[in-house]
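Structural features, examined
Each chain, written out:
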Amino acid sequence: MTEDNMEQLTARLKRTESNLEQLQAECRQLRNHVELAEKALGEALAGAGERKTEEIDDDTLEGNLIAYTEDWLEETMEDFHLSSEGKKKEERVHELAGYLLMPANMREELFWYSEEELDALERLLEIGRSDPIAEDKENLDEFWNDIGYVTVYTDETYQVPSDVAQVYNYIRNTGYRNLHRQILWLRDCLETFVRIYVAAPAKILHRMFRRETELRLGFKEFLKLLDEVPEDMNPCQIIDGNVISKEYVSVCSFERFESLLFDGIEYYIPTKEEIQEYAKNGYPFRQRAYQELWSFANTDLKHSAKSASKLCATMWQAVFDTGFLQDIRHISQDSMVNFPSEELAEKFSDIMKRVNANTRMPFLKGHTQSEMTGMGFLPMTGIYPVVTRNGRKVSVTLMDMREYHMAKPL
């Protein structure tokens, strides 16, 4: 072997040793990551295990909550605006249980749970400690995780604490389930209201509520029901018989907002199915133009079903806020919509024209541009009112309203 060949071989061996050392270092780093991940998973599983209750004589809410972690107790008390500072665990448990067992607090807290979850709770109440069916377990776990209204024992059986059962039966006997249904439907109406009108007379919200024929109430009774909605569940504020989105209360008075509405038309009242769509998805999923957009995202852009729905919600917000296609194209870029070809970009633009024309707009009193043209309001040159600002005529969008206070005349 020549000297040159020896040098080349030595150099290759050194590079191999260097690569091997680098690979060993990467392996060590990978093992460290795996160990950290396993440790984190173990702690999480241990934390969950700690919350399962051993066999004890105390079947009350306090007996259940004592098994929860200090961190959970502190965070939950903070959610309910209860002070945990300087208190022992037993004191925190006692105070939190006392709060959750007050009938008024239980009524309000249970508004956050679905009818299916309350059904599961009531079945467990009737059966007593047991191993529920899988579907009920999933619903009961919500109570266990959130507020401790269900005890889960280490043998995987479930039970409603005795004092929770007593208070729940009390509020149930006062007609709570009917009130619960009314509040859940009203919540859906409120979520839809802010996505169609932003602001309107309370009677319009009442007409929406009456779309659920089984829950019809007179207007006075309806206003009383509005007062029952928890503050953090209600996206609106009631002012002098009018309803306005909290997002705009400090931005524009109802009178000023009303003066900007399209004149000569009645408010559009959504169907029951539309209300359910907006409340569930945040946009009108069943509307043909939005279904076309979803299919485009899912099929042409290869988005997952969840990602396609997110894109639809983003585009709905863009139209609702600005109403202009040039802004929508810009927002689509910000939303990381990548078009593999110019052909697909043009297809998207074409679909968005139909989405734009079929989105319900607040300044059109909940109507769409397509409906307005169908009613003979032609040509539709814009969907937002034109006002004079600093001597110039400009269109006012919802985005403008949030950026510039309009309580004062423009």
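Moving on, we get to the overall build of the chain. Looking only at helices and strands, the chain has 20 helices and seven strands in total. Classification of the 410 residues of the chain by burial places 42% in the buried group. Taking the intrachain contacts of the chain between residues at least 6 apart in sequence as the baseline, contacts between residues at least 24 apart amount to 64%.

Let's shift gears to the nonpolar core. Ranked by size, the top nonpolar core spans 101 residues in total, and within it L110, L186 and L205 carry the most contacts. Here this core gets 10 residues from one element, more than from any other, and that element is helix α9 (residues 176-196). Residues within four places of L110 in sequence aside, it is in contact with L118, F143, Y149, Y168, I171, Y176 and H180.

Right, let's get into a positive patch on the surface. Residues R207, R210, R211 and R216 make up a contiguous surface patch of positive charge. Along the chain, the position of R211 falls in the loop between α10 (202-209) and α11 (219-228). Owing to a relative accessible area of 37%, R211 belongs among the partly exposed residues under this scheme.

Moving on: the packing of aromatic side chains. Tallied over the full model, the rule gives 14 aromatic pairs. An angle of 35 degrees between the planes, with centres 5.0 Å apart, marks the rings of F80 and Y99 as tilted. Within this pair, whereas F80 is found in the loop between α3 (70-79) and α4 (89-100), its partner Y99 is found in helix α4, the two being separated by 19 residues in sequence. Among the residues examined, Y99 registers a relative accessible area of 24% and is labelled partly exposed. Measuring from centroid to centroid gives 6.4 Å for F285 and W294, while their planes differ by 85 degrees, and the two rings are edge-to-face. Given a relative accessible area of 29%, F285 falls into the partly exposed group.

Under the defined criterion, the tally for this structure stands at 20 salt bridges. The salt bridge involving E95 is made with K87; its shortest N-O contact spans 2.4 Å. Across the pair R129 and D155 runs a salt bridge whose closest N-O atoms are separated by 3.1 Å. Of the two residues, R129 sits in the loop between α6 (115-127) and α7 (134-146) while D155 sits in the loop between β1 (151-152) and β2 (158-159), which places them 26 residues apart along the sequence. Exposure remark for R129: the relative accessible area of 32% places this residue in the partly exposed category. Under the relative-accessibility criterion, D155 is labelled partly exposed at 42%. Residues joined by salt bridges that share partners form a network here, namely D119, E122, R172 and R177.

Our next topic: a negative patch on the surface. Taken together, D71, E74, E75, E78 and D79 make up a surface patch of like negative charges. Residue classification places E74 among the partly exposed positions, given a relative accessible area of 37%.

This part covers the sheet that holds strand β4 (residues 236-239). The three strands are arranged β3-β5-β4 in an open sheet whose pairing can be described as antiparallel. Among the strands making up the open sheet, the edge pair consists of β3 (199-201) and β4. Strand-to-strand, the axes of this sheet are offset by a mean angle of 20 degrees, without reference to chain direction. Judged from the four bridges that link them, β4 and strand β5 (residues 242-245) form a sheet pairing that is antiparallel. Considered in β5, the bridge of I238 is made with V243. Sheet strands in contact with α9 are β3, β4 and β5, and its direction is about 85 degrees off that of β4.

Here we come to the packing of helix α15 (residues 288-300) against helix α16 (residues 305-321). One way to put it is that α15 packs onto α16 with a least axis distance of 9 Å and a crossing angle of 135 degrees. Classified by the angle between their axes, α15 and α16 sit oblique to one another. The chirality of how α15 crosses α16 is right-handed. Of α16, the residues touching α15 (which contributes Y290, L293, W294, A297 and N298) are A305, A308, S309, L311, C312, M315 and W316. Split into classes, the residues belonging to the contact of α15 with α16 amount to 10 nonpolar, two polar and no charged.

Here we come to the confidence of the model for the chain. Overall, the predicted model of the chain reaches an average pLDDT of 84, with 76% of residues at or above 70. Within the chain, the element-level pLDDT minimum falls on helix α1 (residues 3-50), averaging 47, and the maximum on α10, averaging 98. Within the model, pLDDT remains below 50 along residues 37-50, and this stretch shows three contacts once partners closer than five positions in the same chain are excluded.

Let's shift gears to helix α18 (residues 342-357). If you check α18, its first and last C-alpha atoms are 23 Å apart, about what 16 residues at 1.5 Å a residue would give, namely 22 Å. Among the residues of α18, L344, A345, F348, I351, M352, V355 and N356 are the ones counted as buried. Along the axis of α18, the buried positions cluster into a sector of 145 degrees, meaning they face one direction only. In α18, the exposed positions that point more than 90 degrees away from the buried face belong to E342 and E343.

Reading the values: the criteria
- Residues numbered from 1 in each chain as written.
- Predicted model: local features only at pLDDT ≥ 70, side-chain atom pairs only at ≥ 80, totals over all residues.
- Heavy atoms only, no water.
- Helix = DSSP H or I, 4+ residues; strand = E, 2+ residues; numbered from the N terminus.
- Buried < 20%, exposed > 50% of the residue type's maximum accessible area, 1.4 Å probe, protein only.
- Contact = heavy atoms within 4.5 Å.
- Core = buried A, V, L, I, M, F, W, Y, C linked by side-chain atoms within 4.5 Å.
- Patch = residues over 30% accessible without salt bridge, like charges linked within 9 Å, V, L, I, M, F, W, Y side chains within 5 Å.
- Areas by Shrake-Rupley, 256 points an atom, 1.4 Å probe, with all protein chains shown as cover.
- Salt bridge = Lys/Arg side-chain N within 4 Å of Asp/Glu carboxyl O.
- Lys, Arg positive; Asp, Glu negative; His and termini not counted.
- Charge placed at Lys NZ, Arg CZ, Asp CG, Glu CD.
- Phe/Tyr/Trp six-rings, centres within 6.5 Å; stacked < 30°, edge-to-face > 60°.
- Pairing = 2+ DSSP bridges.
- Axes fitted to C-alpha atoms, helices over the stretch in contact; angles between N-to-C directions.
- Parallel < 35°, antiparallel > 145°, perpendicular 65-115°, else oblique.
- Left-handed = near helix turned anticlockwise from the far one by under 90°.
- Nonpolar A, V, L, I, M, F, W, Y, C, P; charged D, E, K, R; others polar.
- pLDDT = per-residue confidence, 0-100.
- Expected span 1.5 Å × (residues − 1).
- Arc of directions from axis to C-beta.

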